[in-house]
Amino acid sequence: MDTSQPIESAEFLNPFLPKMVEVQSMEDIRAIASMEDIRAAASTLGIDISNIDLDSRHLPLGEDIWHPEWDRLEYDAGWGNIIVVDNFPVVPWEKYDKLEGVVRKIYSQIDVIKEGGLLMPVDSDTQKTLGFCFIEYNTAQEAELAQEKTNGYKLDRAHIFAVNMFDDFDRFIKVPDEWAPPETKPYTPGENLQRWLTDEKARDQFVIRAGSDTEVLWNDARQLKPEPVYKCAYWTESFVQWSPPGAYLATVHRQGAAVWGVELIDFSPGEKYLVTYSSHEPTNPRDTHRVVLNVFDVRTGKVMRDFKGSMDEFSVGGAGGVSGVSWPVFRWGGGKDDKYFARIGKNVISVYETETFSLTDKKSLKVENVMDFSWSPADPILALFVPELGGGNQPARVSLVHIPSKEELRQKNLFSVSDCKMYWQSNGDYLAVNFYRYTKTKKSTYTGFELFRIKERDIPIEVWSLRIRTIRSLHLLGNQKATGRVSKLTTLKGKQANALFWSPAGRYIILAGLKGFNG
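A brief look at the structure comes next.

Side note on unusual backbone geometry
Cis rather than trans, the peptide bond between isoleucine 403 and proline 404 has omega equal to 15°. Here proline 404 is to be found in the loop between β25 (396-402) and β26 (408-414). Located in the positive-phi region is asparagine 87, a residue other than glycine, with phi close to 60°. Here asparagine 87 is to be found in the loop between β1 (82-86) and α3 (96-108). Positive phi values are uncommon outside glycine, yet isoleucine 459 reaches one of about 50°. Position of isoleucine 459 among the secondary structure elements: in the loop between β29 (445-453) and β30 (461-466). Looking at isoleucine 459, the relative accessible area reads 9%, which means it is buried.

Spelled out as structure tokens, the structure:
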């Protein structure tokens, strides 16, 4: 038989085309498809391959197997659902299966690995793994989440994973071998963001939204009518928000100049960073809604860190939110230097530092059943609250933890408490813990406070209770310097309000009746 004759009836090989690059013989075909698959494909075309001596059929040297119909096929050139795991253990062949099991256990926790989607290349000479592997998921979103979750994962002391998207390697290859200095651009002075501080009357600005109009005005107590600064109709499609010191006023749109599709924003206290939230409908019906949080450098607009995951992952903590996500997800600490930010999870508080935007000490702070936490506005101190457990057998507690050492500075147990809120004094000198304690009958609660004196030795605590169930008048509490005790300054009777707003320095308070209450 002429062994140089081309393989006949090539249609039955169509299903295996995507895996064929250079096929010279049936030995090559069997490497990518079983004989059962080949027989089944041939049967559907009415071809009896029993009359063909497949082992004797070879392509002429240097030619590839091809069929004219294959020119019509379209290929998906994207590799977005594949990740590359580097700094991988190099093990001999006898330990291959054990290592594969470890890798599958780690990455199957993220999502389901595609069938045949784990590849650990082996050196043909040494029969050892090459120190990296490829993992393929069903969707690009699953792969992105796996890259986010496991980049920097510590398998052991000698192996810390470096995980990249397969698509990124094209970008890495284009990096030139020799460094070239960046082009120096001429200095162009920017806008003076503190220009409002030079106001001759030392006034502050405030913003009002009414209907479709948004207006910024000067606040002047000596004038009956505020002086307008800027007014614009349809300036925002949802809301506006000042940064904490007031240098920036952000407007939010469906489409923005720098950030698209943003639904929520939050500034860091020192105005160095801006956190944005956006969600994406899943392309696959079995997937959950995808949530993306970006941390931007305000001055440069550069994304310093992004966080991606399902909506459930960002639904813990925060005072309010959208679509089930609590907001703000991150809370900032370390004073106006914006040195740390943290988020709460199930039994953990993850604290990140802004020098590298990675976890402090490479791991989260483990706190069983933690419900809430709050940063000191001046110092790297976390106040955290753990509720009562076991029907009262384990009391609730408030703890003060120093970051980054994670040393517990003070702890106070709270008995028969149903809920707790924590409030820091603006300079971080005091922490007020507002608790709701059950009466002896357990049928009702009353409110009380515990004041932590942070700057004093051993952090003493002052306790007092307000035996009231509903607050009908506003009590302003201040520090009486002569005794160091808290005392009541005044009571404002007959002042109904559903919202209170302090000025930043605490000299003024606004009693507001919002949403049609009383103005």
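Some words on the pairing of β29
For a regular strand, the rule is simple: side chains alternate between the two faces of the sheet. With 8 of its 9 residues buried, β29 lies for the most part within the structure. Where strand β28 (residues 430-438) lies against β29, 9 bridges are found, and the strand directions are antiparallel. Among the inter-strand pairings, tyrosine 430 is bridged to a residue of β29, identified as arginine 453. Where β28 hands over to β29, the hairpin turn is made up of 6 residues, of which lysine 442 adopts a positive phi near 65°.

Here we look at a positive patch on the surface
A surface patch of positive charge is lined by Lys154, Arg157, Lys363 and Lys366. The topology assignment puts arginine 157 in the loop between β4 (154-156) and β5 (159-160).

A look at a nonpolar patch on the surface
Taken together, the side chains of Phe169, Phe172 and Ile173 present a nonpolar region at the surface, about 290 Å² in accessible area. Inspection of the secondary structure assignment puts phenylalanine 169 in helix α5 (residues 168-173). With relative accessibility at 33%, the residue phenylalanine 169 sits in the partly exposed group.

A closer look at the sheet that holds β25
Ordered by their spatial adjacency, 4 strands build an open sheet running β23-β24-β25-β26, and the pairing between neighbours is antiparallel. Since the sheet does not close on itself, it has two edges, and those belong to β23 (372-375) and β26, each with one partner. Neighbour-to-neighbour, the strand axes of the sheet open up by a mean angle of 15°, direction not taken into account. One ladder, built from 6 bridges, connects β25 with β26; its direction is antiparallel. Counterpart to leucine 400 in the pairing with β26 is arginine 410.

Comments concerning helix α4 (residues 140-150)
Within α4 the residues assigned to the buried category are Glu142, Ala143, Leu145, Ala146, Gln147, Glu148 and Thr150. Buried residues along α4 sit against β1, α3, β3 (132-137), β6 (162-165), β14 (290-297) and β15 (303-310). One or two steps after α4, the chain reaches glycine 152, where phi turns positive at roughly 90°.

Some remarks on the nonpolar core
Core analysis: the biggest nonpolar cluster contains 22 residues, and Ile83, Val85, Tyr107, Ile135 and Tyr137 have the highest contact counts within it. At the level of elements, β1, α3, β2 (113-119), β3, α4 and β6 are the ones that each hand at least two residues to this core. The leading source of residues in this core is α3, at 5 residues. Discounting chain neighbours no more than four positions away, the residues touching isoleucine 83 are Tyr107, Cys133, Phe134, Ile135, Tyr137, Ala143, Ala146, Gln147, Val163, Asn164, Met165 and Phe166.

Concerning the pairing of strand β24 (residues 381-386)
Extensive coverage of β24 is indicated by the burial of 6 of its 6 residues. Side chains Ile381, Ala383 and Phe385 of β24 all project onto a buried face; the interleaved residues Leu382, Leu384 and Val386 project onto the opposite face, where all are buried too. As judged from the 4 bridges shared by β23 and β24, these two strands associate in the antiparallel manner. The residue bridging phenylalanine 373 from the neighbouring strand is leucine 384, located in β24. Counting the residues between successive antiparallel strands, the hairpin from β23 to β24 contains 5 residues.

Considering the environment of alanine 210
For alanine 210, the position within the fold is in strand β7 (residues 204-210). Separated by 23 residues in sequence, alanine 210 and alanine 233 have C-alpha atoms that sit 9.7 Å apart.

Things to note about the sheet that holds β3
What the 4 strands build is an open sheet, ordered β2-β3-β1-β6; its pairing is antiparallel. Because the sheet does not close on itself, it has two edges, and the strands there are β2 and β6. In this sheet, neighbouring strand axes are inclined to one another by 20° on average, regardless of whether the strands run parallel or antiparallel. Across 5 bridges, the pairing between β1 and β3 is antiparallel.

Considerations on the side chain of arginine 331
As for its placement among the helices and strands, arginine 331 is situated in strand β18 (residues 331-333). Exposure remark for arginine 331: the relative accessible area of 17% places this residue in the buried category. A polar contact of 2.8 Å, which involves the side chain of arginine 331, links it to the side chain of aspartate 372.

Reading guide: rules and limits
- Residues numbered from 1 in each chain as written.
- Predicted model: local features only at pLDDT ≥ 70, side-chain atom pairs only at ≥ 80, totals over all residues.
- Heavy atoms only, no water.
- Helix = DSSP H or I, 4+ residues; strand = E, 2+ residues; numbered from the N terminus.
- Buried < 20%, exposed > 50% of the residue type's maximum accessible area, 1.4 Å probe, protein only.
- Pairing = 2+ DSSP bridges.
- Patch = residues over 30% accessible without salt bridge, like charges linked within 9 Å, V, L, I, M, F, W, Y side chains within 5 Å.
- Areas by Shrake-Rupley, 256 points an atom, 1.4 Å probe, with all protein chains shown as cover.
- Salt bridge = Lys/Arg side-chain N within 4 Å of Asp/Glu carboxyl O.
- Lys, Arg positive; Asp, Glu negative; His and termini not counted.
- Charge placed at Lys NZ, Arg CZ, Asp CG, Glu CD.
- Axes fitted to C-alpha atoms, helices over the stretch in contact; angles between N-to-C directions.
- Contact = heavy atoms within 4.5 Å.
- Core = buried A, V, L, I, M, F, W, Y, C linked by side-chain atoms within 4.5 Å.
- Polar contact = N/O pair within 3.5 Å; in protein donor to acceptor, adjacent residues only side chain to side chain.

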